[in-house]
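# Observations on chain architecture
The primary structure of each chain is shown beneath.
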Amino acid sequence: MKKILILTTALTGMAFSAAAQELTVMSWGGAYGEAQTEAHVKPWSAATGFAAKMTDSDNPATPIKAMVEAGNVTIDVASIEYADAIRLCDEGMLEPIDINALPAGADGTPAAEDFIPGAVTECAVSTDIWSNVFAYDTSKLTGTVPTTAADFFDLEKFPGKRGLKKGPKAVLEFALIADGVPVAEVYDVLGTPEGVDRAFAKLDTIKSEVVWWEAGSQAPQLLADGEVVMTTAYNGRIFNAAIAENKPFQIVWDGQIYENEMYAIPKGAPNKDKALEFIAYATSTEGLRAQATYISYGPARKSALKDELLYKDGKTVMGPHLPTAPENMTNALETSADFWVDRNEELNERFNAWLAQ
Amino acid sequence: MAAASHNDAFVVFDHVQKSYDGTSLVVKDLNLNIGKGEFLTMLGPSGSGKTTCLMMLAGFETATNGEILLDGRPINQVPPHKRGIGMVFQNYALFPHMTVGENLSFPLEVRGMGKSEREAKIMRALDMVQMGKFANRRPAQLSGGQQQRIALARALVFDPKLVLMDEPLGALDKQLREHMQFEIKHLHESLGITVVYVTHDQGEALTMSDRIAVFNDGRIQQLAPPADLYERPDNSFVAQFIGENNRLEGTVEEIKDGRALVRLNTGELIDATPVNVSNKGQKTLVSIRPERVEFKAELLPADAHLIEAEVIEVIYMGDLFRTVLKVAGHDDFVIKSRNTLGQRVLTPGEKIKIGWAPQDARALDPV
Amino acid sequence: MADVTAALLTTADGRPLKAALAEAQSRARRRAFLLVAPLLAFVVLTFIIPIGQMLDRSFHHDGFSANAPNLVEWFDANPEGTVPDEAAFAALAADMKLMKENKTAGEAGTRVNYTLAETRSLITKTARGADKLAPPFKEALLAIDDRWDDPAVWQAMRSSASAYTADFYLSALDMERAEDGSIQRVEEQGRIYVYLFFKTFLLSGIITLVCLLLAFPVAHLLATLPMAKANLLMILVLLPFWTSLLVRTTSWIVLLQGEGVVNDILLSLGFIGDDGRLKMIYNQTGTIIVMTHVLLPFMILPLYSVMRVIPPSYARAARSLGATSWTTFRRIYLPQTLPGIGAGSLLVFILAVGYFITPALVGGADGQLISNLIDFHMRNSNWSMAAALSAMLLAGVLVLYWLYDRLIGIDNLKLG
Ligand SMILES: Nc1ncnc2c1ncn2[C@@H]1O[C@H](COP(=O)(O)OP(=O)(O)OP(=O)(O)O)[C@@H](O)[C@H]1O
Ligand SMILES: [Mg+2]
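Residues numbered from 1 in each chain as written. Chains lettered and ligands numbered in written order. Predicted model: local features only at pLDDT ≥ 70, side-chain atom pairs only at ≥ 80, totals over all residues. Heavy atoms only, no water.

## Regarding a nonpolar patch on the surface
Residues and elements named next belong to chain C.
- Where nonpolar side chains cluster on the molecular surface, the patch consists of Phe33, Leu34, Leu35, Val36, Leu40, Val44, Phe47 and Ile48 and spans about 800 Å² of accessible area.
- Locating leucine 34 in the fold gives a position in helix H2 (residues 17-59).
- Under the relative-accessibility criterion, leucine 34 is labelled exposed at 62%. (Patch = residues over 30% accessible without salt bridge, like charges linked within 9 Å, V, L, I, M, F, W, Y side chains within 5 Å. Areas by Shrake-Rupley, 256 points an atom, 1.4 Å probe, with all protein chains shown as cover. Salt bridge = Lys/Arg side-chain N within 4 Å of Asp/Glu carboxyl O. Helix = DSSP H or I, 4+ residues; strand = E, 2+ residues; numbered from the N terminus. Buried < 20%, exposed > 50% of the residue type's maximum accessible area, 1.4 Å probe, protein only.)

What follows is the structure in structure tokens.
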């Protein structure tokens with residue numbers, strides 16, 4: 001059966017792939033994909049003279065498995081979530097990347113020390129750090145404003161609807177943080193059945209007031225339409241609405257749950273060496289800084305944060321808007337890929353059952 | 001059957017007008033009385049308003065003006081299902097999702113008739129059209145003629161007093177059509193129902209009807225029994241529409257003793273019966289049936305006027321010869337002569353003299 | 001005449017008529033087959049094979065069995081319930097080494113993890129340190145993680161050791177294998193699939209019904225209106241087809257949300273108070289409204305195509321035969337539109353069953369349907385689970401199709 005799969009995929013692949021001398025990067029589209037195109041794909045192509053193009057996917061990790069199994073890989077670099085980078089690497093779907101092949105920081109620090117811990121894995125390198133935060137509309141919430149994760153769950157102090165991502169990941173952790181679990185212990189607690197119950201119990205307290213969102217663009221929209229008084233969101237989306245569209249949105253960084261987004265090379269990529277070159281370029285100090293001028297996701301190199309970063313409008317200082325800014329990191333949790341690789345299915349089923357109750 | 005008067009008529013159209021679009025009249029001032037038990041045919045060219053009249057009678061179209069009476073009652077406000085009129089549609093309109101039996105059962109069911117009574121009636125109606133064995137078939141499994149019979153049976157099964165038929169035989173071949181004409185006529189006579197029948201086949205109209213209403217342009221041109229219509233058309237439209245006809249134009253020279261002398265535009269004198277002309281000097285159109293033209297002088301009255309003719313073509317048609325002549329400048333003058341033993345056969349190019357009895361040539365509309 | 005037909009008929013040159021006929025027809029059939037062959041190949045390649053693959057994947061997963069040969073052997077040799085002995089642990093250690101060498105620990109762990117959560121990290125962690133494993137293996141492995149003593153882990157590995165498994169179907173039915181290998185329902189908090197299957201079919205049924213009720217008059221109007229007006233109306237009907245799904249959905253959100261246009265209008269007209277704003281979105285009502293809108297054309301078009309060819313003379317005939325307009329509709333018109341109703345309903349229902357973007361965006365907490373979970377598993381590369389769920393969905397639709405055939409007859413289907 002696998003042979004047939006390979007045969008059919010190869011046949012269709014043959015028809016559509018022109019195995020050209022061109023580097024193909026696959027990312028998520030939207031403002032994010034655009035940032036990577038402008039900051040990485042175009043400048044790299046201009047610098048090396050090697051053609052490069054960006055393609056979009058709903059989730060670039062999804063096609064990798066099918067491509068590798070069929071032996072018909074058409075992309076060279078993919079921008080994927082941290083957990084997927086771990087999982088696909090474990091399953092042998094990605095080319096290994098040696099941290100020592102990555103350039104030293106602009107200040108000369110070797111890559112292995114310059115990258116913050118966890119930003120480089122066996123098969124992937126961080127392109128940025130993005131975060132799950134919550135935000136409110138300052139024109140609608142006046143007087144006392146929420147400042148902590150606990151405030152998000154406090155219906156008495158802040159009556160009104162809440163927007164929440166429809167899925168267990170980052171939501172269960174957020175509930176535990178709001179319930180007073182120190183960030184360092186969140187995954188230990190969530191690892192026990194009682195901890196899971198505790199997270200759901202916390203969610204129960206606001207369940208009747210929750211508007212669930214699915215697509216990243218929905219969260220700022222809910223806030224703008226006045227459908228909710230506060231909502232969790234990807235920090236870049238709120239930044240975009242606040243800076244580019246002048247919406248009076250305020251992010252609360254307390255209890256933020258951040259993770260690395262990773263560049264990886266699918267096993268058998270047609271331009272493997274060029275892909276490695278591209279990643280080295282994109283994740284250099286300059287590469288990471290360039291991306292951060294387009295979108296408020298933080299660079300994962302210490303050297304990239306030394307000097308002040310300006311948004312592409314030339315006046316907004318990026319520093320305070322990045323998840324990695326020290327003042328935003330006071331009560332922050334890094335998503336545990338190991339935890340979610342193990343428990344994703346189980347907790348998703350539980351979450352859906354809970355939703356349907 | 002004599003023309004019914006306004007009072008004892010079963011169906012009355014009283015100054016009925018119909019317009020679909022508000023700018024033109026499709027039916028113009030229709031007055032028509034139909035007697036009980038009469039077989040009346042509406043005959044006319046396409047678009048002359050026959051179906052429209054039928055639809056107004058059945059209740060699917062409302063008269064724009066005027067009154068329609070059924071059995072003495074005005075029916076303009078009566079919805080179709082309460083009129084109790086049987087109808088046979090041009091395309092039969094048999095319900096495709098029902099069997100023949102169910103089709104026939106339908107009008108009885110909606111009248112709340114019991115099952116045993118229904119079945120008896122259905123069997124009777126099917127036997128009437130010799131389709132007793134087909135009760136369980138679907139319409140799609142029947143031939144055109146069979147469907148036609150079922151449509152007829154369905155229109156009759158609930159014993160309507162009046163049955164309307166809109167070109168019911170239009171889709172059948174000639175032989176079957178003639179056979180069905182006979183059967184419909186037979187049913188009409190045995191059941192004593194009133195039938196209003198629409199066709200544009202004049203042969204059909206002539207063989208079946210008690211009276212024929214010839215429609216043209218939204219008006220009845222002539223309402224008469226078939227023989228009158230053929231022998232004594234009122235105007236040139238009727239003369240032209242019913243049967244074959246020769247036309248000659250001229251001026252009235254003299255009218256005397258119910259006979260007219262007409263001088264043709266080419267100078268010849270002919271005999272005619274004045275119909276729509278009364279004065280000397282009037283222009284007129286004389287109409288003569290091809291079979292009434294004679295070219296053997298010995299068979300004509302002694303005082304008949306003869307005119308010159310040249311044979312153009314002789315067509316053998318089995319039972320008769322159809323000869324095309326050039327007469328008074330027209331080269332489409334037709335005569336028909338029976339193919340009897342010893343009949344003289346004309347040859348093209350031959351010069352002959354032709355004539356007719358004065359009562360066979362009708363001086364119609366002034367032109 | 002009857003005798004002649006009863007006897008065996010032959011052609012003029014003496015061959016049996018039946019054989020001659022068969023030969024003549026087989027030639028025609030061969031030619032017809034050649035004509036459809038390209039399409040057949042296309043369908044096989046793009047439809048039959050993928051469906052076959054899907055079915056195969058739903059009960060075939062060799063992620064563990066192919067990468068743990070020693071354990072497979074041990075499980076084969078020792079019946080269910082055997083307590084793992086040193087030989088078992090030796091096999092485990094050997095397989096861990098293999099996995100490290102071949103980088104297959106993730107794949108194997110993923111498979112076991114489907115049966116028992118948290119075994120994936122156990123296996124990848126153990127495989128990472130497999131080089132240093134030395135006898136006695138039991139102690140060595142327990143030193144890495146004491147869960148290796150857990151019978152549940154061994155049971156999970158045992159059911160993963162066969163490439164063919166019904167585990168995915170068990171999960172899709174909210175069931176699992178107990179530690180002793182017997183089948184039981186999962187804990188109540190984890191039961192979701194059966195409920196969602198039920199809900200998906202129920203909601204699709206409601207949507208189909210609403211679509212039918214709305215589409216019938218519109219289709220009738222379309223079929224009876226003069227051409228120019230009908231065309232205009234048709235454009236309105238087809239408009240949703242020409243708008244992107246997300247734009248459509250977003251406009252519904254703008255219209256229906258608490259602070260949305262519809263509520264604002266009702267409020268300004270005084271029908272509702274400010275705290276009485278209707279909840280028309282982010283719940284089941286929203287799903288029904290929006291999916292009805294999205295799927296309405298699929299109901300209207302088949303209905304229209306059927307109604308257009310029903311001549312008005314049928315209704316006239318019925319009326320002339322004495323039926324009221326209601327009886328005419330019920331007994332004459334409706335039965336003749338049945339092929340359209342059937343086709344439209346089947347189409348809408350099947351599409352509704354498979355929809356997931358719309359319910360996800362506007363359905364709120366209630367909005368998850370079975371297809372959302374299929375999508376979830378696809379995104380997480382758990383193709384087997386996605387395939388099992390899809391196969392069950394397919395089976396459900398086929399059952400409905402069969403029911404439809406029994407009740408109405410599939411030949412009574414007109415798609416356009
Ligand atoms: N529903 C309608 N709307 C508008 N005009 C119509 C309609 N039905 C008929 N007409 C017009 O009315 C006129 C008479 O039509 P009608 O159907 O009565 O003719 P008919 O004598 O039955 O012709 P045929 O022998 O072809 O059946 C025609 O000019 C036709 O175009
Ligand atoms: Mg007509």
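## A few points about the UniProt feature "domain: ABC transporter" (unreviewed entry) in chain B
- Residues annotated by UniProt as "domain: ABC transporter" (unreviewed entry) correspond here to residues 11-242 of chain B.
- Between the C-alpha atoms that bound residues 11-242 of chain B there is a distance of 25 Å. The span itself is 36% helix and 24% strand. (UniProt positions renumbered as here; feature names shortened; annotations may be inferred.)

## Here we look at the interface of chain C and chain B
- Taken together, the contact pairs 16 residues of chain C with 23 residues of chain B.
- Across the interface of chain C and chain B, roughly 1,800 Å² is buried in total on both sides, 66% from carbon and sulfur atoms.
- For the chain C face of the interface with chain B, the top three residues by lost area are Arg316, Leu321 and Arg331 of chain C, together amounting to 38%.
- Where chain C packs against chain B, one counts two salt bridges.
- Broken down by secondary-structure element, the contributors of at least two residues to the side of chain C that touches chain B are helix H15 (312-320) and helix H16 (325-354) of chain C.
- Ranked by residue count, the leading element in the side of chain C that touches chain B is H15 of chain C, at seven residues.
- Class assignment of the residues belonging to the side of chain C that touches chain B gives a composition of seven nonpolar, six polar and three charged. (Contact = heavy atoms within 4.5 Å. Buried area = accessible area lost by both parts, 1.4 Å probe. Nonpolar A, V, L, I, M, F, W, Y, C, P; charged D, E, K, R; others polar.)

## Some remarks on the site of ligand 1
Residue and element names in this part refer to chain B.
- Around ligand 1, the neighbouring residues are Tyr20, Val26, Ser46, Gly47, Ser48, Gly49, Lys50, Thr51, Thr52, Glu167 and His200.
- Contact distances for ligand 1 include 3.2 Å between an oxygen atom and a backbone N or O atom of serine 48.
- Within the side chain of threonine 51, an N or O atom sits 2.5 Å from an oxygen atom of ligand 1.
- A class-by-class count of the residues in the shell around ligand 1 yields two nonpolar, seven polar and two charged. (Near = heavy atom within 4 Å. Polar contact = N/O pair within 3.5 Å; in protein donor to acceptor, adjacent residues only side chain to side chain.)

## Structural notes on the packing of aromatic side chains
- Taken as a whole and judged by the stated rule, the model has 36 aromatic pairs over all chains.
- Ring plane angle 65 degrees and centroid distance 5.0 Å describe the contact between phenylalanine 134 of chain A and phenylalanine 152 of chain A, whose orientation is recorded as edge-to-face. Separated by 18 residues along the polypeptide, phenylalanine 134 of chain A in strand E4 (residues 124-137) and phenylalanine 152 of chain A in helix H6 (residues 149-152) bring together distant segments of the chain.
- Residue phenylalanine 134 of chain A is classed as buried on the basis of its relative accessible area, which comes to 0%.
- Among the aromatic residues, those joined into a cluster by ring pairs are Trp44, Phe50, Tyr263 and Phe278 of chain A.
- One Lys or Arg, arginine 154 of chain B, reaches over the ring of phenylalanine 95 of chain B and ends 4.6 Å from the middle of that ring. (Phe/Tyr/Trp six-rings, centres within 6.5 Å; stacked < 30°, edge-to-face > 60°. Lys NZ or Arg CZ within 6 Å of the ring centre and 35° of its normal.)

## Observations concerning the sheet that holds strand E14 (residues 283-288) of chain B
All names here are of chain B.
- One closed barrel accounts for five strands, arranged E11-E12-E13-E19-E14; its pairing is mixed. For this sheet, the mean inter-axis angle between neighbouring strands, taken without regard to orientation, is 50 degrees.
- Sheet topology note: the strand E11 (residues 246-256)/E14 ladder contains six bridges and is antiparallel. Bridging across to E14, glycine 250 finds its partner in threonine 284. (Pairing = 2+ DSSP bridges. Axes fitted to C-alpha atoms, helices over the stretch in contact; angles between N-to-C directions.)

## Points about the confidence of the model for chain A
- When the pLDDT values of chain A are averaged, the result is 89; 94% of them are 70 or greater.
- Within chain A, no element has a lower average pLDDT than helix H1 (residues 2-16) of chain A, which sits at 45, and none a higher one than helix H7 (residues 171-178) of chain A, at 97. (pLDDT = per-residue confidence, 0-100.)

## As for the environment of glycine 319 of chain A
Residues and elements named next belong to chain A.
- In this structure, glycine 319 sits in the loop between helix H13 (285-292) and strand E9 (333-334).
- Separated by 106 residues in sequence, glycine 319 and tryptophan 213 have C-alpha atoms that sit 28 Å apart.
- With near-sequence residues (within four places) excluded, glycine 319 lies in contact with Leu309 and Ala325.

## Some points on the domain arrangement of chain A
Residues and elements named next belong to chain A.
- In terms of domain boundaries, chain A breaks down into domain 1 (2-129 + 261-328) and domain 2 (131-259 + 332-356).
- A C-alpha centroid distance of 27 Å is found between domain 1 and domain 2.
- Contact with domain 1, which involves 19 residues of that partner, is made by 18 residues of domain 2.
- Regarding the contact of domain 1 and domain 2, the summed buried area is about 1,600 Å², with carbon and sulfur atoms giving 60% of it.
- The largest share of the area that domain 1 buries against domain 2 comes from Tyr82, Tyr297 and Asn328, three residues that together contribute 28% of it.
- For the pair domain 1 and domain 2, the interface holds one salt bridge.
- If you list the elements that add at least two residues to the side of domain 1 that touches domain 2, you get helix H4 (82-90) and E4.
- Sort the elements by how many residues they give to the side of domain 1 that touches domain 2 and H4 lands first, with four residues. (Domains from an automatic or database assignment.)

## Some points on the domain arrangement of chain B
Residue and element names in this part refer to chain B.
- Looking at chain B, the domain boundaries give domain 1 (11-236) and domain 2 (244-364).
- Taking the mean C-alpha position of each, domain 1 and domain 2 sit 39 Å from one another.
- At the junction of the two partners, domain 1 supplies eight residues and domain 2 supplies eight residues.
- Of the roughly 720 Å² buried between domain 1 and domain 2 on both sides combined, carbon and sulfur atoms contribute 39%.
- For domain 1, the biggest contributors to the area lost against domain 2 are Tyr230, Pro233 and Ser236; these three give 63% of the whole.
- Linking domain 1 with domain 2 are one salt bridge, by the criterion used here.
- One salt bridge in this structure joins arginine 292 and glutamate 231, with 3.2 Å as the shortest N-O distance.
- In this structure, the connection of domain 1 to domain 2 is made through six residue pairs in polar contact (both at pLDDT 80 or more).
- The element that contributes the greatest number of residues to the side of domain 1 that touches domain 2 is helix H7 (residues 226-231), accounting for three residues.
- Counted by class, the side of domain 1 that touches domain 2 contains three nonpolar, two polar and three charged residues.

## Description of the side chain of lysine 202 of chain A
- Structurally, lysine 202 of chain A is set in helix H9 (residues 193-204).
- For lysine 202 of chain A, the contacting residues outside a window of four places in its chain are Phe153, Ala175, Ala178 and Asp179 of chain A.

## Observations concerning helix H6 (residues 119-128) of chain C
- For H6 of chain C, a buried count of seven out of ten residues is recorded, marking the element as mostly surrounded by other parts of the structure.
- Taken residue by residue, H6 of chain C has Thr119, Arg120, Leu122, Ile123, Thr124, Thr126 and Ala127 of chain C as its buried positions.

## What to know about the environment of threonine 74 of chain A
- Topologically, threonine 74 of chain A is positioned in the loop between helix H3 (61-70) and strand E3 (77-81).
- In this structure the C-alpha to C-alpha distance between threonine 74 of chain A and glycine 268 of chain A, which are 194 residues apart in sequence, comes to 8.9 Å.

## A closer look at the pairing of strand E17 (residues 330-338) of chain B
All names here are of chain B.
- Strand direction decides the pairing type here: strand E16 (residues 320-327) and E17, joined by seven bridges, are antiparallel. The residue of E17 that forms the bridge with phenylalanine 321 is serine 337.
- Hairpin connection between E16 and E17: a loop of two residues separates the two successive antiparallel strands, and alanine 328 in this loop has a positive phi of roughly 50 degrees.

## Quick look at the side chain of glutamate 91 of chain A
- Among the secondary structure elements, glutamate 91 of chain A is positioned in the loop between H4 and helix H5 (111-114).
- The residues touching glutamate 91 of chain A, leaving out its near neighbours within four places in the chain, are Lys65 of chain A together with Lys103, Gly106, Glu107, Thr110 and Arg120 of chain C.

## A short note on the packing of helix H10 (residues 193-224) of chain C against helix H19 (residues 383-407) of chain C
Residue and element names in this part refer to chain C.
- Packing of H10 against H19 brings their axes to within 12 Å, and their N-to-C directions diverge by 40 degrees. If you check the angle between H10 and H19, you find them oblique. The handedness of the crossing between H10 and H19 comes out as right-handed. Of the residues in H19, those in contact with Tyr193, Phe197 and Phe201 of H10 are Met385, Leu389, Met392, Leu393, Gly396, Val397 and Leu400.
- Here the contact of H10 with H19 is built from residues that sort into nine nonpolar, one polar and no charged. (Parallel < 35°, antiparallel > 145°, perpendicular 65-115°, else oblique. Left-handed = near helix turned anticlockwise from the far one by under 90°.)

## Observations regarding the interface of chain C and chain A
- Counting residues at the interface gives 49 residues for chain C, matched by 43 residues for chain A.
- For the pairing of chain C and chain A, the buried interface totals around 4,100 Å² over both sides, and the portion due to carbon and sulfur atoms is 49%.
- On the chain C side of the interface with chain A, the three residues burying the most area are Lys103, Arg120 and Gln189 of chain C, jointly 15% of the side's total.
- Remark: the boundary between chain C and chain A carries five salt bridges.
- For arginine 120 of chain C, the salt bridge is made with aspartate 90 of chain A, and the minimal N-O distance between the two is 3.3 Å.
- At the boundary of chain C and chain A, one finds 20 residue pairs in polar contact (both at pLDDT 80 or more).
- Secondary-structure elements contributing two or more residues to the side of chain C that touches chain A are H2, helix H5 (105-115), H6, H10, helix H17 (357-362) and helix H18 (370-379) of chain C.

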